[in-house]
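Results of the structural survey
Residue strings, one per chain:
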Amino acid sequence: QVQLVESGGGLVQAGGSLRLSCTASRSIFTFDTIGWYRQAPGKERELVARMADGGSTNYVDSVMGRFTISRDKNTMYLQMNSLKVEDTAVYYCNAVKVVNVEGARVDLWGQGTQVTVSS
């Protein structure tokens, strides 16, 4: 298993920005899909942003135009601008690699980082 290590969470005022980072240590994989999820207290985990190989992206409607997912060779990012109180949650990075035609996969998660947006 490859460890994903997250950083960049914290407390920010509404309207501000944060950038979350997720680094894959000792990874040998080229991932098929990367994404960011979040979970607020009392709510289900929600897919926020996703990028497939080739660069296509998808975002949940509530963050469209404010959040941007990106990656480089070893790290994935979530740039969060114009933050709202409703964005407060624990954010998790995720990376998926399909390893055979039967659909077996490697599914890695970060440890979570708290984002708190104050009004």
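Fair warning: this is a prediction, and the values are worked out from it, not measured in the lab. (Residues numbered from 1 in each chain as written. Predicted model: local features only at pLDDT ≥ 70, side-chain atom pairs only at ≥ 80, totals over all residues. Heavy atoms only, no water.)

Residues Trp36, Phe67, Ile69, Leu78, Met80 and Tyr91 are the most contacted members of the largest nonpolar core, which totals 29 residues. Taken together, the elements giving at least two residues each to this core come down to strand 3 (18-24), strand 4 (33-39), strand 5 (46-52), strand 7 (67-71), strand 8 (75-80), strand 9 (89-98), strand 10 (105-109) and strand 11 (113-118). Those residues in contact with Ile69 that sit more than four places away from it in its chain are Ile34, Gly35, Trp36, Ala49, Arg50, Met51, Thr57, Tyr59, Met76, Tyr77 and Leu78. (Core = buried A, V, L, I, M, F, W, Y, C linked by side-chain atoms within 4.5 Å. Buried < 20%, exposed > 50% of the residue type's maximum accessible area, 1.4 Å probe, protein only. Helix = DSSP H or I, 4+ residues; strand = E, 2+ residues; numbered from the N terminus. Contact = heavy atoms within 4.5 Å.)

As a further point, take the pairing of strand 5. Sheet analysis places strand 4 next to strand 5, joined by six bridges and oriented antiparallel. Pairing of Trp36 across the sheet is with Ala49, part of strand 5. Two successive antiparallel strands, strand 4 and strand 5, enclose a turn made up of six residues, where Gly42 displays a positive phi of approximately 75°. Judged from the three bridges that link them, strand 5 and strand 6 (residues 57-59) form a sheet pairing that is antiparallel. Paired with Arg50 across the two strands is Asn58, which belongs to strand 6. Between strand 5 and the antiparallel strand that follows it, strand 6, lie four residues; Gly54 among them carries a positive phi value of about 105°. (Pairing = 2+ DSSP bridges.)

With that settled, consider the sheet that holds strand 3. Pairing is antiparallel across the open sheet formed by four strands, whose spatial order is 1-3-8-7. Taken across any chain shown, the strands that pair with only one partner, and hence form the sheet edges, are strand 1 (4-7) and strand 7. When the angles between neighbouring strand axes are averaged without regard to direction, this sheet yields 15°. The pairing of strand 1 with strand 3 spans four bridges and is classified as antiparallel. Its bridge partner being in strand 3, Val5 is matched across the sheet by Thr23. (Axes fitted to C-alpha atoms, helices over the stretch in contact; angles between N-to-C directions.)

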